[in-house]
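Survey of secondary and tertiary structure
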Amino acid sequence: MTQSLTSEITNRKPSPDDFEKPAIPDLTDAIIDDGEPVDNLISEKQQRLLVSSLYSSFNVSEPFLATANVGLFYAANKPPLVPDIMLSLEVTLPEDWSEKKDQSYFTWNFGKSPEIVIEIVSNKVGNELGTKLKDYTQARVGYYVVFDPFYYLGKSNLYIYQLIGVNYQLLSTNWLEGVGLGLIVWEGEFEGKNYQWLRWCDEKGQLLLIGDEKVAIEKQRADEEKQRADQERKRVEYLEEILRSQGINF
């Protein structure tokens, strides 16, 4: 009887009630908005480009959250990280934003760490490849991306790390397989500024477009269709005129 009972307990799948639930940290003194501005105009535009293109063109079935300069709280006794860009899949925003616990990304509230964070290097003191890399390792972020448009950190302007086990490994590809997104440096114009921008792309290298780009492409298609229709109309009118000149009426 004792052996049977022991075997039954051993083979039973663990239930959530078997584990002690972690205490929710006290957020009374937590600083979720220090009022500091973004680094510079380029960083601000770059952040907006990355976030807006996700909401315009990232077609996934599950909800997601993409943010710029929002605090990432990953441990109760540590200050938050504030990535330039953060992407978390399969999460939804709270209905009520009045409480402090719903105004930043607290991993214990969302139930997971973000899939991607991006840091945009704007000076030589951010230590993006040193202490920040270690901090995001502890935060268990799936992919850590460093975009260095001014080459402050070395000969590369893009570093993509993937969390494998307990450490980050530098990838040799710009494709983030775990989230179905890629990153490329694209030279073009955004909001009147021609620059080398960091852009999301699909597996074929096609850009994830922002809303204005989609509108522009649709307008171009409509204009081309109208032009083809006008050309066809003029061709028909020309043929009709030739037939009429030959006494053929219709």
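Up top you'll find the structure we're talking about.
Parameters and conventions
- In this numbering scheme, every chain counts its residues from 1 along its sequence in written order.
- Only residues with pLDDT of at least 70 are given local features in this predicted model, and only at 80 or more are side-chain atom pairs given and counted; all residues enter the totals for whole chains, interfaces and linings.
- Side-chain calculation: all heavy atoms of the structure are included, whereas hydrogens and water are not.
- Segments assigned H or I by DSSP are reported as helices when at least four residues long, segments assigned E as strands when at least two residues long, and all are numbered from the N terminus.
- Among buried residues, the Ala, Val, Leu, Ile, Met, Phe, Trp, Tyr and Cys ones that are joined through side-chain atoms within 4.5 Å form a nonpolar core.
- With a 1.4 Å probe rolled over the protein chains alone, any residue whose accessible area is under 20% of its type maximum counts as buried; one over 50% counts as exposed, and the rest are partly exposed.
- Contacts were defined at the residue level, with two residues in contact if any of their heavy atoms lie within 4.5 Å.
- By definition here, a salt bridge exists when the distance from a side-chain nitrogen of Lys or Arg to a carboxyl oxygen of Asp or Glu is within 4 Å.
- Note on pairing: DSSP must find at least two bridges between two strands before they are called paired.
- Between the N-to-C directions of two axes lies an angle of 0 to 180 degrees, each axis being a line fitted to C-alpha atoms and, for a helix, fitted only over the stretch in contact.

One non-glycine residue, Asn 127, lies in positive phi territory at about 55 degrees. Positive phi values are uncommon outside glycine, yet Tyr 151 reaches one of about 55 degrees. Among the secondary structure elements, Tyr 151 is positioned in the loop between β6 (143–147) and β7 (158–164).

This next bit is on the nonpolar core. Judged by nonpolar contacts, the single largest core of 24 residues is most densely connected at Leu 54, Leu 87, Ile 116, Ile 118, Leu 181 and Trp 200. Elements with a contribution of two residues or more to this core: α2 (41–57), β1 (64–67), β3 (85–89), β5 (116–120), β6, β7, β10 (181–190) and β11 (193–201). Beyond its immediate stretch of four places on either side in the chain, Trp 200 contacts Leu 50, Ser 53, Leu 54, Ile 85, Ile 116, Ile 118, Leu 181, Gly 182, Leu 183, Gln 206, Leu 207 and Leu 208. Leu 72, Tyr 74, Val 121 and Tyr 168 belong to the second-largest nonpolar core, a separate cluster that totals 20 residues.

Below, the discussion takes up the pattern of salt bridges. All chains considered together, the criterion is met by 7 salt bridges. Between Arg 48 and Glu 44 there is a salt bridge, with its nearest N and O atoms 2.9 Å apart. Within this pair, Arg 48 and its partner Glu 44 are both found in helix α2, separated by 4 residues, close to a single helical turn. Look at Arg 48 and you get partly exposed, because its relative accessible area is 32%. Lys 132 is the partner of Glu 119 in a salt bridge, and the nearest nitrogen-oxygen pair spans 3.4 Å. On the criterion of sequence distance, the pair formed by Glu 119 in strand β5 and Lys 132 in helix α4 (residues 131–138) is long-range, its members being 13 residues apart. Residue class for Lys 132 comes out partly exposed when judged on its relative accessible area of 24%.

Another point: the side chain of Glu 128. Tracing the backbone shows Glu 128 in the loop between β5 and α4. Among residues more than four places away in sequence, those in contact with Glu 128 are Glu 119, Val 121, Leu 133, Tyr 144, Val 146 and Leu 153.

Taken in spatial order, the 3 strands line up as β9-β10-β11 in an open sheet, and their pairing is antiparallel. The open sheet is flanked by β9 (175–176) and β11, the only strands paired with a single partner. Here β10 pairs with β11 via 9 bridges, running antiparallel. Residue pairing across strands places Leu 183 opposite Trp 200, the latter belonging to β11. Helix-sheet contacts for α2 involve β10 and β11, and the interaxial angle to β11 is about 35 degrees.

What follows is about the sheet that holds β6. A sheet is described by the order of its strands in space; here 6 strands give the open sequence β1-β3-β5-β6-β7-β8, paired in mixed fashion. At either margin of the open sheet sits one strand with a lone partner, and together these are β1 and β8 (167–170). Going across the sheet, the axis of each strand differs from the next one's by a mean of 15 degrees, ignoring polarity. Pairing between β5 and β6: 5 bridges, direction parallel. Bridge pairing links Ile 118 to Val 145 in β6. Most of the contacts of α2 go to β1, to which it runs at about 165 degrees, and overall it touches β1, β3, β5 and β6. The sheet strands contacting α4 are β5, β6, β7 and β8, and the helix crosses β8 at an angle near 125 degrees.

On their own, these measurements won't tell you what the molecule is for.
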